[in-house]
There are 2 protein chains.
Amino acid sequence: MSKNCIVAQSGGPTAAINASLAGVVAAARDFGIYDKIYGAIHGIQGVLKKHFLDLSDKDDAFIQKLARTPAMYLGSCRFKLPDMKDDVSMYEEIFSIFEEMNIGAFFYIGGNDSMDTVAKLSAYAASIGNDIRIIGVPKTIDNDLIMTDHTPGFGSAAKYIASSIREIAYDTYIYDLESVNIIEIMGRDAGWLTAASVLARNEFSLAPHLIYLPEVAFDKEQFITDLKEMVKKYKNVIVAVSEGIRDKDGNYISATNAAADKFGHAQLSGAGKTLEYLVKEKLGIKVRSVEVNVLQRCAGHMASMTDLTESFLSGKHAVVLAKNGESAQMVSLHRLSNAPYTYELSNTPVSEVANQAKEVPVSWITPDHHDVTAEMIAYLKPLVAGEVPTDYADGIADYLDVSHLTKVYGK
Amino acid sequence: MSKNCIVAQSGGPTAAINASLAGVVAAARDFGIYDKIYGAIHGIQGVLKKHFLDLSDKDDAFIQKLARTPAMYLGSCRFKLPDMKDDVSMYEEIFSIFEEMNIGAFFYIGGNDSMDTVAKLSAYAASIGNDIRIIGVPKTIDNDLIMTDHTPGFGSAAKYIASSIREIAYDTYIYDLESVNIIEIMGRDAGWLTAASVLARNEFSLAPHLIYLPEVAFDKEQFITDLKEMVKKYKNVIVAVSEGIRDKDGNYISATNAAADKFGHAQLSGAGKTLEYLVKEKLGIKVRSVEVNVLQRCAGHMASMTDLTESFLSGKHAVVLAKNGESAQMVSLHRLSNAPYTYELSNTPVSEVANQAKEVPVSWITPDHHDVTAEMIAYLKPLVAGEVPTDYADGIADYLDVSHLTKVYGK
């Protein structure tokens, strides 16, 4: 009797991570190398709790809708395994469950921390001579994993950011008065997603007029100088700013606000709100800050077809790797050319990836530190290409039933 | 030689107001009753400045793309005409420009203040026996105009709110821990748009679990009680709240935050942020507030086909009214049935509409004050139905060239 496999998801959600899950499930099913395909609920914690969904008999209709559903069908966790040398018991527990369930392969879809889990489980497996295949599938809207050209999930978030900023720009163009709109975009340490705002530009809309990434120091005085010039020239100015921008001493550009109401609670206001105060102070014109917030990572209706396809194929490739006897690997994407856009799926030892972050190369940021270069645009363009048809029910974007994540309470 | 006409837009943008403009331009062109169709840039102020675009020879391709382009192609203004008795000179100026340009009809697309302008211009025309036709076309995402079943622009905003809240709900369902997400929605005095969040619900996602409108008093203690119950029952709770909620004494639910950084600026933090502080204080669980901000009014990629069709037909109907010799009228929509959804276009004296607001009937709010009734759902459903194909260029939502609103600066 052949073995079974487990797939799980971890870290923050994206519009594409379920496409990777769909790829794993479809390939595991079609290759017929596993008896059962188990989905662990809430990542590695779901394995420890033996909380599984049986995905063995899912049909193509399910797989297709799964691929288009945002967030995480299996739920997530933010959980770092202890170092083996400090505490081996949890590893023993996980592998006894693998043993008991006759698991031949474990597929983990996630970002940096998830690849750390893959690396640690792989190291433990090697240390006990266990031949279970352990493969990581990358995902993050931050695009900050090394050893891969880009990460599944990034392209869809990039498409959402660029399209939304173009729409916000149209909103600002209507009044005959000067205005500044500051758009705060996710990315604490890497500016890839903020850089993607450049794709909002076309021949008649130059927004965002200023783009600030965390990879270079942010200078408030220089910002005000640049902004005044842009307002003079373009009247309505859009500023795209990463939540993670810092000054030359490495301090985040943020302000602590003490709420004055009776529930007063010290609040850290983000870069966008902080710059809004600053612009009000220094320019005294109409200014607004918009925190795009979670929609940039879960707007399934704005997914990039390129991204969803790559995510699906990455999941599928993980199963190919396991089938070929590989382990301790992360699926990676290698770009062959920009135009036409071509790439190949490959793999890289996960130990080389875990706990490292890929920043935007400073050479892709303009010398004035408030824009990105043509190389960045050429890199970004293919990743947002192609639209995914959204399913609607009664006019509202419709996705797969996820009541297994919620029904334990009421319902 | 026959007369010319002027069309203009005013007030806040919506994803559908350009569809009304497209309807006016298409009908004025096809009926052949006007020599020239002029678009005034920046509303009535554009008339005073004689700042016009000639829209006489636009083809169907332009009209179709115009109808799908969000915000306002002609630009907007927020300008209230003085009372005739206080200052008649501005009226004399406007009508001398009408005279000089041989204008037979003036079409004004906008909300409450715009209908006030239509009413005042109509009254002046009557007072001097001028037979120019002055017709208002309603538009507002707030849906707060009286004498019409609903307003063009509302359905698209409602669709965006409901779809976005469903996607945010998926984002919150992934972690195995209790959380509260508070979504702040536009609507200072009328709760229609916040009520539309109810359409996010389906058989497996009950978000938003709590809905608070400005039409009934908001009680913080009761809110915490209701919220605790919902968290206990559903773990991840989504709260939809109108920016305009007030306590029983009529005070807005908001907090003044003094920024502590050196650019310190007193900021009024909205209902969402204020309730976020409150929930942190009282429940101490993971809480986030999301201010949907301007995207809810300018997300052209999420427009309702029903809304865009009605907006287009409303613009067209305005020309029909002028053709039939009507004046001092606002186009209105009268619903004949909910299912199947049927309606007819009609008109109402604009003097009866101006400066009044239509609130949500309290009978459509549940007695517990944290949800809406089946009548509200039946009212809302048809308005979000149908999708509008979005044009994409290089993967980014693409719209009509509006450089006439920006090019005066640089470019």
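Residues numbered from 1 in each chain as written. Chains lettered and ligands numbered in written order. Predicted model: local features only at pLDDT ≥ 70, side-chain atom pairs only at ≥ 80, totals over all residues. Heavy atoms only, no water.

## Some points on the nonpolar core
Next, step 1: Phe107 of chain A together with Phe107 of chain B are the most contacted members of the largest nonpolar core, which has 182 residues in total.
Next, step 2: The next biggest cluster of nonpolar side chains, apart from the first, holds 34 residues, and it includes Val47, Met101, Met115 and Val353 of chain B. (Core = buried A, V, L, I, M, F, W, Y, C linked by side-chain atoms within 4.5 Å. Buried < 20%, exposed > 50% of the residue type's maximum accessible area, 1.4 Å probe, protein only.)

## Observations concerning the environment of Ser10 of chain B
Residue and element names in this part refer to chain B.
Next, step 1: Within the fold, Ser10 resides in the loop between strand 1 (4–9) and helix 1 (17–31).
Next, step 2: Residue class for Ser10 comes out buried when judged on its relative accessible area of 5%.
Next, step 3: In this structure, the C-alpha to C-alpha distance between Ser10 and Glu375, residues 365 residues apart in sequence, is 32 Å.
Next, step 4: Apart from residues lying up to four places away in sequence, Ser10 is in contact with Ile17, Met72, Ser76, Cys77, Tyr108, Ile109, Gly110, Gly111, Ser114 and Lys139. (Helix = DSSP H or I, 4+ residues; strand = E, 2+ residues; numbered from the N terminus. Contact = heavy atoms within 4.5 Å.)

## A closer look at the relation of the copies chain A and chain B
Next, step 1: Least-squares fitting of chain A to chain B yields an RMSD of 0.0 Å, with the superposition described by an axial translation of 0.0 Å and a rotation of 180°. One copy is carried onto the other by what is essentially a two-fold rotation axis.
Next, step 2: Comparing contact sets, 100% of the residues at the interface of chain A also lie at the interface in chain B, consistent with an isologous, same-surface contact. (Least-squares fit on C-alpha atoms with pLDDT ≥ 70 in both.)

## As for the environment of Tyr252 of chain A
Next, step 1: Relative to the elements of secondary structure, Tyr252 of chain A occurs in the loop between strand 8 (236–242) and strand 9 (255–259).
Next, step 2: Each C-alpha atom, one on Tyr252 of chain A and one on Phe218 of chain A, is 9.2 Å from the other, the two residues being 34 residues apart in sequence.

## Examining the UniProt feature "binding site: diphosphate" (unreviewed entry) in chain A
Next, step 1: When the UniProt feature table is mapped onto this chain numbering, "binding site: diphosphate" (unreviewed entry) sits at Gly12 of chain A.
Next, step 2: Along the chain, Gly12 of chain A turns up in the loop between strand 1 (4–9) and helix 1 (17–31).
Next, step 3: With near-sequence residues (within four places) excluded, Gly12 of chain A lies in contact with Met72, Arg78 and Lys139 of chain A together with Tyr175 of chain B. (UniProt positions renumbered as here; feature names shortened; annotations may be inferred.)

## Examining helix 3 (residues 60–68) of chain B
Next, step 1: Every buried residue belonging to helix 3 of chain B is among Phe62, Ile63, Leu66, Ala67 and Arg68 of chain B, and all of these are buried.
Next, step 2: In the core, the buried residues of helix 3 of chain B are packed alongside helix 1 and helix 11 (305–323) of chain B.

## Topic: the sheet that holds strand 7 (residues 210–212) of chain A
Residue and element names in this part refer to chain A.
Next, step 1: Strand order in the open sheet formed by four strands is 7-8-6-11, with parallel pairing between adjacent strands. Every interior strand has two partners, whereas the edge strands, strand 7 and strand 11 (286–291), have only one. Within this sheet the neighbouring strands show an average axis-to-axis angle of 15°, counted without direction.
Next, step 2: With six bridges connecting them, strand 6 (residues 179–185) and strand 11 associate as parallel partners. Residue pairing for strand 11: Asn181 is matched across the bridge by Arg288.
Next, step 3: The sheet strands contacting helix 9 (residues 271–282) are strand 6, strand 8 and strand 11, and the helix crosses strand 6 at an angle near 160°. (Pairing = 2+ DSSP bridges. Axes fitted to C-alpha atoms, helices over the stretch in contact; angles between N-to-C directions.)

## Focus on the domain arrangement of chain A
Residues and elements named next belong to chain A.
Next, step 1: Each assigned domain of chain A is listed with its residue range as follows: domain 1 (3–152 + 300–356 + 388–406) and domain 2 (157–296).
Next, step 2: Distance from the C-alpha centre of domain 1 to the C-alpha centre of domain 2: 34 Å.
Next, step 3: Across the boundary between the two partners, domain 1 contributes eight residues, which contact nine residues of domain 2.
Next, step 4: Where domain 1 abuts domain 2, roughly 740 Å² becomes buried across the two surfaces, and 72% of that area is made up of carbon and sulfur atoms.
Next, step 5: Counting the surface domain 1 buries against domain 2, the share from its top three residues, Ile141, Asp142 and Met302, is 68%. (Domains from an automatic or database assignment. Buried area = accessible area lost by both parts, 1.4 Å probe.)

## Quick word on the interface of chain A and chain B
By a frequent convention, interface size equals the accessible area lost on bringing the separate parts together.
Next, step 1: Contact with chain A, which involves 87 residues of that partner, is made by 88 residues of chain B.
Next, step 2: Taking both partners together, chain A and chain B bury about 7,700 Å²; carbon and sulfur atoms supply 60% of that area.
Next, step 3: Residue Lys49 of chain A is joined to Asp176 of chain B by a salt bridge in which the shortest nitrogen-to-oxygen separation is 3.3 Å.
Next, step 4: Remark: the boundary between chain A and chain B carries 34 residue pairs in polar contact (both at pLDDT 80 or more).
Next, step 5: At the level of secondary structure, the elements contributing two or more residues to the side of chain A that touches chain B comprise helix 6 (154–172), helix 8 (220–234), strand 9, helix 9, strand 11, helix 10 (295–298) and strand 15 (396–397) of chain A.
Next, step 6: Broken down by element, the side of chain A that touches chain B gets its largest block of residues, 10 residues, from helix 6 of chain A.
Next, step 7: The class makeup of the residues in the side of chain A that touches chain B is 40 nonpolar, 22 polar and 25 charged. (Salt bridge = Lys/Arg side-chain N within 4 Å of Asp/Glu carboxyl O. Polar contact = N/O pair within 3.5 Å; in protein donor to acceptor, adjacent residues only side chain to side chain. Nonpolar A, V, L, I, M, F, W, Y, C, P; charged D, E, K, R; others polar.)

## Observations regarding the sheet that holds strand 12 (residues 329–337) of chain B
The strands that make up a sheet are held in pairs by hydrogen bonds between backbone atoms, and each pair lies either parallel or antiparallel.
Residues and elements named next belong to chain B.
Next, step 1: Strand order in the open sheet formed by seven strands is 3-2-1-4-5-12-13, and the pairing between neighbours is mixed. In this open sheet, the two strands that pair with only one neighbour each are strand 3 (52–54) and strand 13 (342–349). Here the average twist between neighbouring strands, direction ignored, is 30°.
Next, step 2: Where strand 1 and strand 2 (residues 37–40) come together, three bridges link them in parallel fashion. Bridge pairing in strand 2 links Cys5 to Ile37.

## Remarks on the pairing of strand 1 of chain A
Residues and elements named next belong to chain A.
Next, step 1: Among the six residues that make up strand 1, six are buried, leaving the element largely enclosed by the rest of the structure.
Next, step 2: Of the two faces of strand 1, the one holding Asn4, Ile6 and Ala8 and the one holding Cys5, Val7 and Gln9 are both buried throughout.
Next, step 3: Strand direction decides the pairing type here: strand 1 and strand 4 (residues 103–110), joined by six bridges, are parallel. When the sheet's bridge partners are listed, Val7 is paired in strand 4 with Phe107.
Next, step 4: For the segment spanning strand 1, helix 1 and strand 2 (residues 37–40), crossover handedness is right-handed. (Right-handed = clockwise from strand over helix to strand, strands pointing away.)

## Side note on the packing of aromatic side chains
Within a pair of aromatic rings, the relevant descriptors are the distance that separates the centres and the angle that separates the planes.
Residues and elements named next belong to chain A.
Next, step 1: The tally for this structure, following the rule as stated, stands at 34 aromatic pairs over all chains.
Next, step 2: For the ring pair Tyr212 and Phe223, a centre distance of 5.5 Å and an interplane angle of 80° mean the geometry is edge-to-face. One end of the pair, Tyr212, is in strand 7; the other, Phe223, is in helix 8, and 11 residues separate them in sequence.
Next, step 3: The buried category is assigned to Tyr212, whose relative accessible area is 5%.
Next, step 4: One aromatic cluster is present, built from ring pairs that chain together Tyr91, Phe95, Phe98, Phe106, Tyr108 and Tyr124.
Next, step 5: For the cation-ring pair, Arg188 lies above Tyr252, with the distance from its terminal atom to the ring centre recorded as 4.2 Å. (Phe/Tyr/Trp six-rings, centres within 6.5 Å; stacked < 30°, edge-to-face > 60°. Lys NZ or Arg CZ within 6 Å of the ring centre and 35° of its normal.)

## Focus: the packing of helix 1 of chain A against helix 11 (residues 305–323) of chain A
All names here are of chain A.
Next, step 1: Contact geometry of helix 1 with helix 11 gives a least axis separation of 7 Å together with a crossing angle of 40°. By the angle class used here, helix 1 and helix 11 are oblique. The two elements helix 1 and helix 11 meet at a crossing, and its hand is right-handed. Residues Ala19, Ser20, Ala22, Gly23, Val24, Ala26, Ala27, Ala28 and Phe31 of helix 1 lie in contact with helix 11, whose contacting residues are Leu308, Ser311, Phe312, Gly315, Lys316, Val319, Val320 and Lys323.
Next, step 2: Taken together, the residues of the contact of helix 1 with helix 11 sort by class into 11 nonpolar, four polar and two charged. (Parallel < 35°, antiparallel > 145°, perpendicular 65-115°, else oblique. Left-handed = near helix turned anticlockwise from the far one by under 90°.)

## Re the pattern of salt bridges
Next, step 1: The tally for this structure, following the rule as stated, stands at 48 salt bridges over all chains.
Next, step 2: Notably, a salt bridge pairs Arg297 of chain B with Asp171 of chain A, separated by 2.7 Å at the nearest N-O pair. Placement of the pair is Arg297 of chain B in helix 10 (residues 295–298) and Asp171 of chain A in helix 6, with the two residues belonging to separate chains.
Next, step 3: Residues joined by salt bridges that share partners form a network here, namely Lys80, Asp83, Lys85, Asp86, Asp113, Asp116 and Lys120 of chain A.

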